[in-house]
Amino acid sequence: MENVTNEQINRVLGAIFQEYRIKNKLTQEKLAEELSKSTKTISQLETAKDGTSKKTDIDLMNTLGITPNILYKDFITNPDIKSKIEISEKIEELDADKIRALYIIIEAIKNL
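All chains use their own residue numbering, which begins from 1 and follows the written sequence. Note on the predicted model: pLDDT of at least 70 is required for a residue's local features to be given, and 80 or more for side-chain atom pairs to be given and counted; whole-chain, interface and lining totals, by contrast, use all residues. With hydrogens and water excluded, all non-hydrogen atoms of the structure serve as input to the side-chain values.

Chemist: Whenever I open this one, the overall build of the protein chain confuses me. Can you help?
Modeler: Working definition: helices are DSSP H or I runs of at least four residues, strands are E runs of at least two. Numbering for both runs from the N terminus. The helix and strand tally for the protein chain stands at seven helices and zero strands. Secondary structure of the protein chain in N-to-C order comes out as α-α-α-α-α-α-α. At 17 Å, the protein chain has a C-alpha radius of gyration far larger than the 13 Å of a compact globule built from 112 residues. On the principal axes, the C-alpha backbone points of the protein chain span a range of 55 × 35 × 20 Å. The buried label goes to any residue with under 20% of its type's maximum accessible area, the exposed label to any with over 50%, and the partly exposed label to all in between, with areas taken from a 1.4 Å probe on protein chains only. Looking at the 112 residues of the protein chain, the share that counts as buried comes to 23%. By definition, residues are in contact when any of their heavy atoms lie within 4.5 Å. A separation of at least 24 residues holds for 55% of the contacts in the protein chain among residues at least 6 apart in sequence. Residue exposure ignores everything except the shown protein chains as possible cover, and the areas themselves are Shrake-Rupley values with a 1.4 Å probe. Looking at the protein chain as shown, the accessible area adds up to about 7,900 Å², and 54% of this sits on carbon and sulfur atoms. Both definitions apply: the radius of gyration is a C-alpha atom measure, and the globule rule equals 2.2 Å times residues to the power 0.38.

So this is what it looks like as structure tokens:
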């Protein structure tokens, strides 16, 4: 997605925040309470009527369990970074034991 506008960014981020709020079984009211925001603010973020500050993005990521690559992957055009994002998404699908095993393999490869 090249030459993106702030409106497009707000729309994508709002949809992600809404998706993860629902996945976490939170109402807009409950999320607003947890973030010390108004319900209207959460609604405006999710519907792209308003953007977020960096602090609010971080608060939402921490509260909803969103990694940065999930938020920004649609805007990345660098092929090397896109590959790293794809790998990290595959890692997120693994259980804890497989992640530990993968970590050991990565450390071994680094030492080759």
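Once the structure has been displayed, the description carries forward.
Chemist: So what exactly am I meant to see when it comes to the side chain of Asn 69 here?
Modeler: Relative to the helices and strands, Asn 69 is located in helix H5 (residues 68-72). N or O atoms closer than or at 3.5 Å make up a polar contact, with two conditions inside protein: a donor-capable atom paired with an acceptor-capable one, and, for residues adjacent in sequence, both atoms drawn from side chains. Only 2.3 Å separates the side chain of Asn 69 from the side chain of Ser 88, close enough to count as a polar contact.

Chemist: What am I meant to see in the nonpolar core here?
Modeler: Generally speaking, nonpolar side chains in soluble globular proteins are found buried as a group. The biggest cluster of nonpolar side chains holds 18 residues, and the ones touching the most others in it are Ile 16, Leu 31, Leu 60, Leu 64, Ile 66 and Leu 71. Contributions of two or more residues to this core are made by helix H1 (6-23), helix H2 (28-35), helix H3 (39-46), helix H4 (54-64) and H5. With five residues, the top contributor of residues to this core is H1. The residues contacting Ile 66, other than those within four sequence positions of it, are Ile 16, Phe 17, Tyr 20, Leu 60, Met 61 and Leu 71. For our purposes a nonpolar core is just a set of buried Ala, Val, Leu, Ile, Met, Phe, Trp, Tyr and Cys residues, chained together by side-chain atoms within 4.5 Å.

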